[in-house]
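Overview (structure and organization)
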Amino acid sequence: MVPDEKANNSPTPEGVRGRPGLVFITGGARSGKSRYAQELALQLSNTPVYLATARHWDDDFEKRIQRHQAERDERWTSIEEEKNISGLSFLNNVVVVDCVTLWLTNFFTDNKYDIDACLQQCKQEIDKLNRAENTFIIISNELGMGMHAETEIGRKFTDLQGWMNQYIAKQADKVVFMVSGIPVAIKG
């Protein structure tokens with residue numbers, strides 16, 4: 001079921017249809033971000049691409065990946081890429097990038113928790129996406145709205161996530177904040 005665009009202030013798909021751009025969807029865990037992103041992608045394309053950034057960390061995470069895969073039907077092309085998302089060719093298509101948090105985790109661990117290195121590399125990737133001839137629907141989490149991280153590494157990652165969310169939102173044509181399954185347009 002596609003959300004009622006007028007009732008919940010969600011972005012108008014016609015504002016994105018037929019032209020490249022960035023749509024940024026953010027919110028808390030289990031707020032409906034992925035579901036909404038997929039519905040929006042299917043409004044914009046009959047053959048969207050799902051770009052998964054998750055690493056296969058453990059059995060529990062593998063089950064989460066399988067659940068997400070089961071949510072998509074034959075209209076979708078699925079691609080897995082942990083970091084170099086701008087290096088892929090999408091042929092003028094609509095691409096759901098799920099998600100920034102997992103993507104940042106890959107940079108964060110590979111760069112041994114160096115926030116500056118992560119920010120530089122990730123901003124370059126987003127800048128390249130923003131110049132591509134595609135519509136990217138980018139999903140992220142709002143970690144800073146939750147509990148305060150107990151560890152130094154946790155606090156560093158929360159900072160990294162917040163700064164990248166701000167950067168992507170600034171670059172994006174449209175920004176949607178998901179609250180309890182309800183999309184709220186905050187930009188565009």
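Residues numbered from 1 in each chain as written. Predicted model: local features only at pLDDT ≥ 70, side-chain atom pairs only at ≥ 80, totals over all residues. Heavy atoms only, no water.

This paragraph deals with unusual backbone geometry. A cis amide bond links Asp98 to the next residue, Cys99, at an omega of 5 degrees. Counting through the fold element by element, Cys99 comes out in the loop between β4 (94-98) and α3 (100-110). Even without a glycine there, the phi angle at Lys112 is positive, about 50 degrees. Along the chain, Lys112 turns up in the loop between α3 and α4 (115-131). The phi torsion at Ser180 lies on the positive side, around 50 degrees, for a residue other than glycine. For Ser180, a relative accessible area of 69% translates into the label exposed. (Helix = DSSP H or I, 4+ residues; strand = E, 2+ residues; numbered from the N terminus. Buried < 20%, exposed > 50% of the residue type's maximum accessible area, 1.4 Å probe, protein only.)

Applying the stated criterion across every chain yields a total of zero disulfides. Free of any disulfide, Cys118 has its nearest neighbouring cysteine sulfur in Cys122, separated by 5.9 Å. (Disulfide = S-S within 2.5 Å.)

Among the secondary structure elements, Asp98 is positioned in strand β4. The side chain of Asp98 is buried and forms no salt bridge, while Arg72, the nearest opposite charge, is found at 6.1 Å. Among the polar contacts listed, one links the side chain of Asp98 to the side chain of Tyr50, at a separation of 2.6 Å. (Lys, Arg positive; Asp, Glu negative; His and termini not counted. Salt bridge = Lys/Arg side-chain N within 4 Å of Asp/Glu carboxyl O. Polar contact = N/O pair within 3.5 Å; in protein donor to acceptor, adjacent residues only side chain to side chain.)

In this structure, Trp103, Leu104, Ile126, Phe136, Ile138, Leu160 and Met164 are the most contacted members of the largest nonpolar core, which totals 28 residues. Elements supplying a minimum of two residues to this core: β1 (21-27), β2 (49-52), β4, α3, α4, β5 (135-141) and α5 (152-171). If you tally residues by element for this core, the top one is α4, at six residues. Leu40, Val94, Val96 and Ile137 belong to the second-largest nonpolar core, a separate cluster that totals 17 residues. (Core = buried A, V, L, I, M, F, W, Y, C linked by side-chain atoms within 4.5 Å.)

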